[in-house]
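Reading the structure
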Amino acid sequence: MNVIHVSAECYPIAKVGGLGDVVGSLPKYQQQAGVGARVVMPFYDNKFTAAHKFESVYESELVLGENNFSYRILKLKKEVLDIDVLFVDIPELLFKDYVYSADDTARFTAFQIAVMDWMLTLKTKPSIIHCHDHHTGLIPFMAQECFKYESLNKIPNILTIHNAQYQGWFAHDKVHYLPAFDISNIGLLDWDGVINPLAAGIKCAWRVTTVSPSYMEELQQAANGLESLLSHENQKCVGILNGIDADVWNPETDEFITKNYSAKNIQTGKTANKKRLCKEFGFSASKPLFAFIGRLVLEKGADLLPEVFDEILSKKECNILVLGSGDPEVEDSLKALKKKHKGVYNTFIGYDEKLSHLIYAGADFLLMPSRVEPCGLNQLYSLRYGTIPVVRSIGGLKDTVIDVEDGGFGFSHQDASGDNILQTLNRAIAFYNDKPEFKKTRKHIMSIDHSWNVSAQKYIDLYNSLKSD
Ligand SMILES: Nc1ncnc2c1ncn2[C@@H]1O[C@H](COP(=O)(O)OP(=O)(O)O[C@H]2O[C@H](CO)[C@@H](O)[C@H](O)[C@H]2O)[C@@H](O)[C@H]1O
């Protein structure tokens, strides 16, 4: 079997969030399980592409509406990654110093057309095309409907929804971007009067997966307008929990942290990393340290944090550190608290992969008050680093974090409300002060295996079930 993953992100080449982590690790675990797995992604202008040499394996021209674009399929000259990655180089559209922008329709439609055109020329066709999120949602449609791709329509394809909030909508006047198809089937592209690539992918993919079983269920009630579609397509949908790359996220070998540790020397390891963080951000290491890492957007409940932080910090019982960027208003309110709560609160507004590792290692608790959380990887990283998750019980958080009151190892609350978060924070502070229980729990969570071993096999089983369809 040879699978091709099509994605806008892939760690360590380009990562904006969890999609990059998944596409950078799932194929590796699939390869270890004996399945040929490759990634095809856009060629961006970033640190990774500047630091490596590439060779062209295919060159051609694609048609996007009334425009033609030259493109190349590139691969790395030297094998520097654990996985085989191919790059679509469309200089005018994709070679930018960002992954996403306000209008990505032309960029990602051209990307998908290039992938399909190139696949037509392959002597050995992939046995499975695995698409990720709306940026690749037109591929199942094009394979099924566009005349020129008829020879690809027998290849099973899968669409994984990492986040249904973003759907890639564009107006009907751009439908001519797509290669010719029977216009009477335009309904497959449309949802609510606009072209909706995620909806088209859900309608046309052979199977649809989401990144946790609970999120799959929740999507039928809340999917940013696609609820009825997902209920209708329920038969071909399945939730498969994300895993983590246990080599990249390994406190025993992590090069980004101050002191490496395992469950055996967790006490000294976490203390050294916490001290380093506290020194850098001006905290006293004796208080519990809560951290938030992520996009500062509504979905993540980030807008609820400033008020909650202001209240809890006034008691001076804990430290809070925020690493993230996003909504400028939320950024400003979080930054504004720094002066008032100097010594117990700090922020790093921006993106810093290295710092995120140090925080997972040095914090006592990781906060995820998400409104929507398809899976969430942060809580899985925090478990591996012995950092206790404090989460809202939703989506993948519900599937992976069991509250201490239910015999588990984390803290969870039901509602996306300031009161609920406050109560949970207070419970966590009390737990921190019960030192034997706290230490026992953080040692225990390090042994929970969330690596891809189990879930990579679930995807392989799904691929196998499609071969015999
Ligand atoms: N400022 C910053 N600096 C450094 N690192 C930062 C950062 N902000 C975020 N990160 C990192 O980005 C990743 C975030 O992953 P998540 O899975 O939690 O969220 P995301 O919403 O991006 O992903 C979506 O896709 C994934 C993958 O399927 C789902 O788990 C998730 O629920 C869904 O919303 C983590 O590796 C985190 O450490």
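Everything numeric here is computed off the predicted structure, so don't read it as measured data. Per-chain numbering applies: the sequence of each chain, read as written, is numbered from 1 onward. It should be noted that, the model being predicted, local features are given only for residues of pLDDT at least 70 and side-chain atom pairs only at 80 or more, the latter also being counted only at that level, while totals for whole chains, interfaces and linings use all residues. The basis for the side-chain values is all heavy atoms of the structure; hydrogens and waters are excluded.

Side note on the sheet that holds strand 3 (residues 54–64)
Pairing between strands is defined by DSSP: at least two bridges between the two strands are required. Runs of E in the DSSP output that reach at least two residues are strands. Runs of H or I that reach at least four are helices, and both are numbered from the N terminus. Taken in spatial order, the nine strands of this open sheet run 3-4-5-2-1-6-7-10-11, and their pairing is mixed. Each edge of the open sheet is held by one strand with a lone partner, namely strand 3 and strand 11 (237–239). The mean angle between the axes of side-by-side strands here comes to 25 degrees, regardless of whether they run parallel or antiparallel. Set on the sheet, helix 1 (residues 18–32) makes contact with strand 1 (2–6), strand 2 (36–42), strand 5 (84–89) and strand 6 (128–132); between it and strand 2 the angle comes to about 155 degrees. Strand contacts of helix 4 (residues 138–145): strand 1, strand 6 and strand 7 (157–161), with the helix running at about 140 degrees to strand 6, the strand carrying the most contacts. Each axis is a line fitted through C-alpha atoms, taken for helices only over the stretch in contact, and angles between the N-to-C directions span 0 to 180 degrees. Whether two residues touch is decided by their heavy atoms; if any such pair falls within 4.5 Å, the residues are in contact.

Considering the site of the ligand
The local shell around the ligand holds 29 residues, among which Asp-21, His-162, Arg-295, Glu-373 and Gly-376 are the closest. At 2.9 Å, a backbone N or O of Cys-375 approaches an oxygen atom of the ligand. Counting of polar contacts relies on pairs of N or O atoms within 3.5 Å, with two restrictions inside protein: one atom must be capable of donating a hydrogen and the other of accepting it, and residues adjacent in sequence are counted only when both atoms are side-chain atoms. Measuring from an oxygen atom of the ligand, one finds a backbone N or O atom of Gly-376 at 2.8 Å. Listing elements by their share of the shell around the ligand, those giving two or more residues are helix 1, strand 12 (289–296), strand 13 (319–326), helix 11 (353–362) and helix 12 (378–384). No other element matches the four residues that helix 1 contributes to the shell around the ligand. One heavy atom suffices: a residue is near a molecule or strand as soon as one of its heavy atoms comes within 4 Å of it.

Structural notes on helix 3 (residues 105–121)
To estimate the expected span of a helix, subtract one from its residue number and multiply by 1.5 Å. With 17 residues, helix 3 should cover 24 Å at 1.5 Å per step; its first-to-last C-alpha distance of 25 Å lies within 8% of that length. Most of helix 3 is tucked away, with 15 of its 17 residues classed as buried. Accessible area is worked out with a 1.4 Å probe on protein chains only. A residue is then buried under 20% of its type maximum, exposed over 50%, and partly exposed in between.

Describing the state of the cysteines
Working definition: a disulfide is two cysteine sulfur atoms within 2.5 Å of each other. Evaluation of the coordinates by the stated rule reveals zero disulfides. With no disulfide of its own, Cys-10 has Cys-131 as its nearest cysteine by sulfur position, at a separation of 15 Å.

Points about the nonpolar core
What is meant by a nonpolar core is a set of buried Ala, Val, Leu, Ile, Met, Phe, Trp, Tyr and Cys residues, joined one to another through side-chain atoms within 4.5 Å. In this structure, Phe-87, Ile-90 and Met-142 are the most contacted members of the largest nonpolar core, which totals 79 residues. Residue contributions to this core peak at ten residues, all from helix 3. If near-sequence neighbours (up to four positions away) are discounted, Phe-87 is found in contact with Ile-13, Met-41, Pro-42, Phe-43, Phe-48, Phe-54, Arg-72, Ile-73, Leu-74 and Leu-76. Formed by 47 residues, the second largest nonpolar core is a distinct cluster that contains Leu-26, Ala-246, Ile-257 and Ile-394.

Quick look at the packing of helix 1 against helix 16 (residues 453–467)
Running from N to C, helix 1 and helix 16 point in directions that differ by 75 degrees, and their axes come no closer than 9 Å. One finds that helix 1 runs roughly perpendicular with respect to helix 16. Seen from helix 1, the contacting residues are Leu-26, Tyr-29 and Gln-30; seen from helix 16, they are Asn-453, Ala-456, Tyr-459, Ile-460 and Tyr-463. Throughout this entry, Asp, Glu, Lys and Arg are counted as charged residues, while Ala, Val, Leu, Ile, Met, Phe, Trp, Tyr, Cys and Pro are counted as nonpolar. The remaining residues, Gly among them, count as polar. Per-class residue counts for the contact of helix 1 with helix 16 are six nonpolar, two polar and no charged. Put simply, angles under 35 degrees are roughly parallel, angles over 145 are roughly antiparallel, angles from 65 to 115 are roughly perpendicular, and the rest are oblique.

Some points on the UniProt feature "domain: Starch synthase catalytic" (unreviewed entry) in the protein chain
UniProt positions are given in the numbering used here, feature names are shortened, and annotations may be inferred rather than shown by experiment. Mapped onto the present numbering, the UniProt feature "domain: Starch synthase catalytic" (unreviewed entry) falls on residues 2–231. Taken end to end, residues 2–231 has its terminal C-alpha atoms 31 Å apart, with 28% of it in helix and 25% in strand.

Re the pattern of salt bridges
We define a salt bridge as a side-chain nitrogen of Lys or Arg found within 4 Å of a carboxyl oxygen belonging to Asp or Glu. All chains considered together, the criterion is met by 20 salt bridges. Across the salt bridge formed by Arg-72 and Asp-89, the nearest N and O atoms sit 2.9 Å from each other. Within this pair, whereas Arg-72 is found in strand 4 (residues 67–76), its partner Asp-89 is found in strand 5, the two being separated by 17 residues in sequence. Looking at Arg-72, the relative accessible area reads 32%, which means it is partly exposed. Between Glu-437 and Lys-440 there is a salt bridge, and its shortest N-O distance comes to 3.4 Å. Linking Glu-437 with Lys-440, this pair stays in helix 15 (residues 435–445), spanning three residues, or about one helical turn. Classification of Glu-437 by relative accessible area gives partly exposed; the value is 32%. Here the salt bridges do not stand alone but share partners, grouping Lys-28, Asp-82, Asp-245 and Asp-247 into one network.

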